Amino acid sequence: MGDGRSDAERIRAVERWFVRRGLPHAIDDYRASTDVFTRAAPFLSLVFVIELFASFGDRFSGWAQAGVFVLGAAIMLGAAVGINRVRGRRPFQLPDDIGPLELTAFVLVPPILPALFGEDRATTVVAIVVLNLGILVLAYLFTSYGIVPMARWGAEQMLRQISGLSHLLARSLPFLLLFATFIFLNAEMWQVAHDFRPAFYAIVIGAVFAIALSFLLVRLPQELDGIAVFDDWDEICALAEQAEAPVGRVDRPDQSGRPQIEPLARGGRLNLVLLLFVSQVVQLVLVATVIGSFYVGFGLFSVREETLLQWTTATADTLDPIARFTVFGGEVVLTWELFAVSGFIAAFSALQFAVSLLTDKAYREEFFASLEHEAREVLAVRALYLTLVERAWQDQSSPTGTEQSQARNM
């Protein structure tokens, strides 16, 4: 083995590594019951308890309140014990997997108290059932696709991108500034910004960003086919070593030519697309933030109050600056119009950047290469991991189904 660990220990370590990287669907035989909802069980249990004891409201007080509290606790414990007995577990054993029976109890048990003691019983019961179904859907999405670790990984990507921000801007900023300066020094744009209601402005900016993000979503699935191809096992092992994954040394399968690796299922492909999407959204946000901040600073000194009054229908009496201050003996005004125009330019610059990523080969090589390399590292680790899993199931000392389920939930 080289590192003294068994295959089962290495499988557990790699599966935790997949979850931390925001790619839980890379786990072999990834299922809702043994993986997704079981990992979400602590959160679902907390919601279950809160709903059970908060659902009867302020109708009771004193000993009556205590009685309802005891009844609620009895209902909760009775449901847990009953499910465990049906599933063949000990009465108070923590479940090793969450199946339809447990999920049904999560949805239907909390409304029991409102059904018995509530004032508006039908409405309250229906509301709690609908709420619990919504919570299950959100818990599945957040847990299944590793949204929380993915967000953490995206934050790490942002810090890494910020550290290399000068390189990013040196390649993208000159063209974007040339494109945007003509818009910024345009009287009509400032008049539009002056007339915009904040709600309408937010809708327009959101629509521009949505178009930019849609360009990324269109391209990313097409990139996966090339990312998942490796020339040989030496390349796979080298990428896994670069990723610093806890896979250790794995005997390579006796294959000639390109390695034949089980492709990602639909859920796994979607998971990987989301991971790459988060990384490129980080790039878009950084570009938009820097462009917008640049034009806010540029506009403070280039568009004076007199110019703003000429470009818009505002008057000296109606113009309401956010702040006024003096710099080098001259008065500078910070206005809503300045933020609005800078936000316009930032949004359109993000859209231009997204289009360039899609159509410009130089941009693709410059800004997608690092993301592609990280995705290939994850897929290389998965190839070695699948080899470990196959060997573990063939070996007499392979983990049992229960042990694997516990491994994935750690």
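Remember, it's a predicted structure, so these values are computed and weren't measured experimentally. (Residues numbered from 1 in each chain as written. Predicted model: local features only at pLDDT ≥ 70, side-chain atom pairs only at ≥ 80, totals over all residues. Heavy atoms only, no water.)

## Overview of the overall build of the protein chain
Inclusion rule: Going along the chain from the N terminus, every DSSP run of H or I of four or more residues is numbered as a helix, and every run of E of two or more is numbered as a strand. Exposure classes here rest on a 1.4 Å probe applied to the protein chains alone. A residue is buried below 20% of its type maximum, exposed above 50%, and partly exposed in between. Contact between two residues is taken to exist if any of their heavy atoms lie within 4.5 Å; hydrogens are not considered. Using a 1.4 Å probe, the Shrake-Rupley method yields the accessible areas, and only the shown protein chains count as cover for residues.
If you tally the helices and strands in the protein chain, you get 18 helices and 2 strands. When burial is assessed residue by residue, the protein chain has 45% of its 410 residues classed as buried. Pairs at least 24 apart in sequence give 79% of the contacts found in the protein chain among residues at least 6 apart. Entry remark: accessible area of the protein chain is about 21000 Å², with carbon and sulfur atoms responsible for 63%.

## Concerning the packing of aromatic side chains
Applied cut-off: Stacked, edge-to-face and tilted are the three classes for Phe, Tyr and Trp ring pairs, Trp counted by its six-membered ring, which pair at centre distances within 6.5 Å; planes under 30 degrees apart are stacked, over 60 edge-to-face, the rest tilted.
Scanning the model with the defined rule gives 13 aromatic pairs in all. With a centroid separation of 4.9 Å and 35° between ring planes, the pair formed by Phe-184 and Tyr-295 is classed as tilted. Here Phe-184, found in helix H9 (residues 165–184), pairs with Tyr-295, found in helix H13 (residues 266–302); they are 111 residues apart in sequence, far enough to count as distant. Under the relative-accessibility criterion, Phe-184 is labelled buried at 0%. Judged by its relative accessible area of 0%, Tyr-295 is buried. With a centroid separation of 5.6 Å and an interplanar angle of 45°, the aromatic rings of Phe-196 and Phe-344 are classed as tilted. In this pair, Phe-196 is assigned in the loop between helix H10 (187–195) and helix H11 (198–227) and Phe-344 in helix H15 (residues 336–359), connecting sequence segments 148 residues apart. In textbook terms, an aromatic cluster arises when at least three aromatic residues are bridged by ring pairs, as seen for Phe-184, Trp-190, Phe-294, Tyr-295, Phe-298 and Trp-311.

## Considering a nonpolar patch on the surface
The line we're drawing: Without a salt bridge and with relative accessible area above 30%, a residue can belong to a patch; like charges are then joined within 9 Å and nonpolar side chains (Val, Leu, Ile, Met, Phe, Trp, Tyr) within 5 Å. For this document, the term salt bridge refers to a Lys or Arg side-chain nitrogen within 4 Å of an Asp or Glu carboxyl oxygen.
A cluster of nonpolar side chains, Val-137, Leu-138, Leu-141, Phe-142 and Val-148, forms an exposed patch at the surface whose accessible area comes to about 460 Å². Sort the elements by how many residues they give to the nonpolar patch and helix H7 (residues 121–144) lands first, with 4 residues. Here Leu-141 is to be found in helix H7.

## Quick notes on H15
Operational definition: What a helix should span is 1.5 Å times the count of its residues minus one.
Here H15 is 24 residues long and its end C-alpha atoms lie 35 Å apart, about the 34 Å a rise of 1.5 Å per residue gives. Among the 24 residues that make up H15, 17 are buried, leaving the element largely enclosed by the rest of the structure.

## Details of H10
Within an α-helix, residues lying three or four positions from one another point in the same direction, as the helix has 3.6 residues per turn. Defined as follows: As used in this structure description, the phrase polar contact means that two N or O atoms lie within 3.5 Å; if the pair is within protein, one of them must be able to donate a hydrogen and the other to accept it, and residues adjacent in sequence are counted only when both atoms belong to side chains.
Buried within H10 we find Met-189, Trp-190, Gln-191 and Ala-193. Between the side-chain oxygen at the start of H10 and the backbone nitrogen of Glu-188 there is a gap of 2.9 Å, and the oxygen is on Asn-186.

## Quick word on the pattern of salt bridges
The full count for this structure, using the stated rule, is 5 salt bridges. Between Arg-87 and Glu-102 there is a salt bridge, with the nearest N and O atoms lying 2.7 Å from each other. Separated by 15 residues along the polypeptide, Arg-87 in the loop between helix H4 (62–86) and helix H5 (100–108) and Glu-102 in helix H5 bring together distant segments of the chain. Using a relative accessible area of 31% as the deciding quantity, one classes Arg-87 as partly exposed. Given the relative accessible area of 11%, Glu-102 is considered buried. Ionic pairing is found between Arg-324 and Glu-331, a salt bridge with its closest N-O pair at 3.2 Å. For Arg-324, a relative accessible area of 42% translates into the label partly exposed. The exposure class of Glu-331 is partly exposed, given its relative accessible area of 42%. Through salt bridges with shared partners, a single network forms among Arg-87, Arg-89 and Glu-102.

## Comments concerning the packing of helix H12 (residues 233–243) against helix H17 (residues 369–394)
Let me state the cut-off plainly: Note on method: axes are straight lines fitted to C-alpha atoms, helices fitted across the in-contact stretch only, with angles between N-to-C directions ranging 0 to 180 degrees. Roughly parallel here means an angle under 35 degrees, roughly antiparallel means over 145, roughly perpendicular means 65 to 115, and every remaining angle is called oblique. Handedness of a crossing follows from how the near helix is turned relative to the far one, being left-handed for an anticlockwise turn of less than a right angle and right-handed for a clockwise one.
For the pair H12 and H17, the least separation of the axes is 8 Å and the interaxial angle reads 110°. Judged on the interaxial angle alone, H17 and H12 are roughly perpendicular. Crossing of H12 against H17: the hand is left-handed. Every residue of H17 that contacts H12 at Trp-233, Glu-235, Ile-236, Cys-237, Leu-239, Ala-240, Gln-242 and Ala-243 is listed here: His-373, Arg-376, Glu-377, Ala-380, Val-381, Ala-383, Leu-384 and Thr-387.

## Brief notes about the pairing of strand E1 (residues 323–327)
Within a regular beta strand, the side chains point alternately toward one face of the sheet and then the other, so they alternate between its two faces. Condition: For two strands to pair, DSSP has to find at least two bridges joining them.
The pairing of E1 with strand E2 (residues 330–334) spans 5 bridges and is classified as antiparallel. Opposite Phe-325, over in E2, you have Val-332 as the bridge partner. Adjacent in sequence and paired antiparallel, E1 and E2 are bridged by 2 residues, among which Phe-328 carries a positive phi angle near 50°.

## Focus: the side chain of Arg-376
Looking at the element boundaries, Arg-376 is found in helix H17. The exposure class of Arg-376 is buried, given its relative accessible area of 11%. Setting aside its immediate chain neighbours within four residues, Arg-376 contacts Gly-226, Ile-227, Val-229, Phe-230, Glu-235 and Leu-239.

## Points about the nonpolar core
So the rule is basically this: Throughout, nonpolar core names a set of buried Ala, Val, Leu, Ile, Met, Phe, Trp, Tyr and Cys residues whose side chains join them through atoms within 4.5 Å.
If you look at the biggest cluster of nonpolar residues, it comprises 79 residues, and the most contacted ones within it are Phe-18, Phe-184, Leu-272, Val-381 and Tyr-385. At 13 residues, the largest contribution of residues to this core is made by H17. With 23 residues, the next largest nonpolar core counts Ala-40, Met-76, Val-109 and Ile-135 among its residues.

Fair warning: the whole summary comes from geometry, so function is off the table for now.
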